[in-house]
Structures are given as C-alpha cells and as structure tokens.
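# Architecture and fold: a report
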Amino acid sequence: MESSQFKTLFLPCHRKLYAVAWRLTGNAQAAEDLVQETFLRLWTRRQQIVSVECVEAYSITTLRRIFYDTKRSKQIEASEREISELHVKDSEDLNQRIDAQDEWQRIRTMILALPDPQGKIMIMRDVEGQTYEEISVETGLTEVNLRSILSRARKRIREQIKEMRQ
C-alpha cells in the first residue's frame, strides 16, 4: 500500500479515532498520543491491511487494543513493584512484626476485658477512629463524659501493660 492510498483510507478516520481515544483516556493529550500510536501501528502493518473491508472499524479496533495493552502493561508493572515491596528484608524485621502483632493481640484482649462503657468507647475511638461526636450520637453520652471514660480506660490499660512488662 502506497502512502497516498494509506492517507485516503485512514486519515478520514482521524476524528472518530480521536473521539474514541478521548472517551477511553479522558485526557486530550493522552488521546492524541493514542491516535498517533494507532496511525504508527497501521502504517507499519499497511501491507497486511490491503484486504480490510471496513477501514474505520479496523482502525478503532487497533486503537482499543493499543489502549488496553498499555493499560495492562502498566498494571503488571505496578503489581510487580508492590510484590517487590512486600519482600521481608531479614528475619529481625519479621520477628519484630510478630512481636508487635502479639502485643497488639494482648492489648486488644485487655481492652475487651474493660467494663462495658470503657471498653466499647475505647474501641470506637482508638481502634475504629470514630470522632467524639459520632460516639456521642451512638452511645447517648456527652462528649465530656466520653473523654473522662476514655481517660480512665487508657489509664487502666497503661497500668496493665506496665504490670505485663515487669
């Protein structure tokens, strides 16, 4: 296929390609890049394209394949990066993690053993991260009461941790 024949077949598809690319990417610059990449791929395969019946459909399909291929390759790179970050560097790191997890389980057991309003409020505030206002609405207690109950609960947990470490 000669360049003049290529131009007469594929250049009229430019607007349609850009519209599809923009819908896929949501970005004008990325859409232009995708259209350019599509024309480049069509040009390099121009000898095989001679027998294509619907040039517009073929070019849109090519554009979509390029888009999904690049998107897939970026996801693979991201997942490979995440896996490499999960690598435990040495056994001390792993031991520290296990110790911290064990200590957290003991503290959680202590919190659950607190008397009813103290344990419940401490879990809501310190574990679940709820605000005093949210806890107040849920429990019906004032924020001042919540702060004093939480203060007593934290004090009791600190004392139990000190006893545990001795």
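Coordinates for the structure precede this section.
Residues numbered from 1 in each chain as written. Predicted model: local features only at pLDDT ≥ 70, side-chain atom pairs only at ≥ 80, totals over all residues. Heavy atoms only, no water.

The next point concerns the overall build of the protein. On a plain count of helices and strands, the protein comes out with eight helices and zero strands. Out of the 166 residues in the protein, the part that is buried amounts to 24%. Look at the contacts in the protein between residues 6 or more apart in sequence, and 57% of them connect residues 24 or more apart. For the protein, the exposed area adds up to about 12200 Å²; of that, 49% sits on carbon and sulfur atoms. (Helix = DSSP H or I, 4+ residues; strand = E, 2+ residues; numbered from the N terminus. Buried < 20%, exposed > 50% of the residue type's maximum accessible area, 1.4 Å probe, protein only. Contact = heavy atoms within 4.5 Å. Areas by Shrake-Rupley, 256 points an atom, 1.4 Å probe, with all protein chains shown as cover.)

So, on to the environment of M124. Of note, M124 is situated in helix α6 (residues 116-127). Accessibility expressed as a relative area gives 4% for M124, which makes it buried. For the pair M124 and E138, spaced 14 residues apart in the sequence, the C-alpha separation amounts to 10.0 Å. Beyond its immediate chain neighbours, meaning those up to four positions away, M124 contacts G129, Q130, I135, E138 and T139.

One finds F10, L17, F39 and L63 to be the most contacted residues of the largest nonpolar core, which totals 18 residues. Of all the secondary-structure elements, those providing two or more residues to this core are α1 (3-10), α2 (14-25), α3 (28-44) and α4 (55-85). Leave out the neighbours within four places in its chain, and L63 touches L17, V20, A21, L24, L34, V35 and T38. Counting residues in hydrophobic clusters, the runner-up holds 15 residues, among them I107, L114, M122 and I161. (Core = buried A, V, L, I, M, F, W, Y, C linked by side-chain atoms within 4.5 Å.)

One can find Q130 in the loop between α6 and α7 (132-139). With a relative accessible area of 16%, Q130 lands in the buried category. A polar atom in the side chain of Q130 sits 2.9 Å from the side chain of E128. If we ignore the near neighbours within four places in the chain, the residues touching Q130 are M124, R125, I135 and E138. (Polar contact = N/O pair within 3.5 Å; in protein donor to acceptor, adjacent residues only side chain to side chain.)

Our next topic: the packing of α2 against α3. Contact geometry of α2 with α3 gives a least axis separation of 8 Å together with a crossing angle of 130°. Between α2 and α3, the crossing angle belongs to the class labelled oblique. Once α2 is placed against α3, the crossing between them reads as right-handed. Along its contact with α2, which presents H14, L17, Y18, A21, W22 and T25, the element α3 presents A28, A30, A31, E32, L34, V35, T38 and F39. Looking at the contact of α2 with α3 residue by residue, the class counts come to ten nonpolar, three polar and one charged. (Axes fitted to C-alpha atoms, helices over the stretch in contact; angles between N-to-C directions. Parallel < 35°, antiparallel > 145°, perpendicular 65-115°, else oblique. Left-handed = near helix turned anticlockwise from the far one by under 90°. Nonpolar A, V, L, I, M, F, W, Y, C, P; charged D, E, K, R; others polar.)

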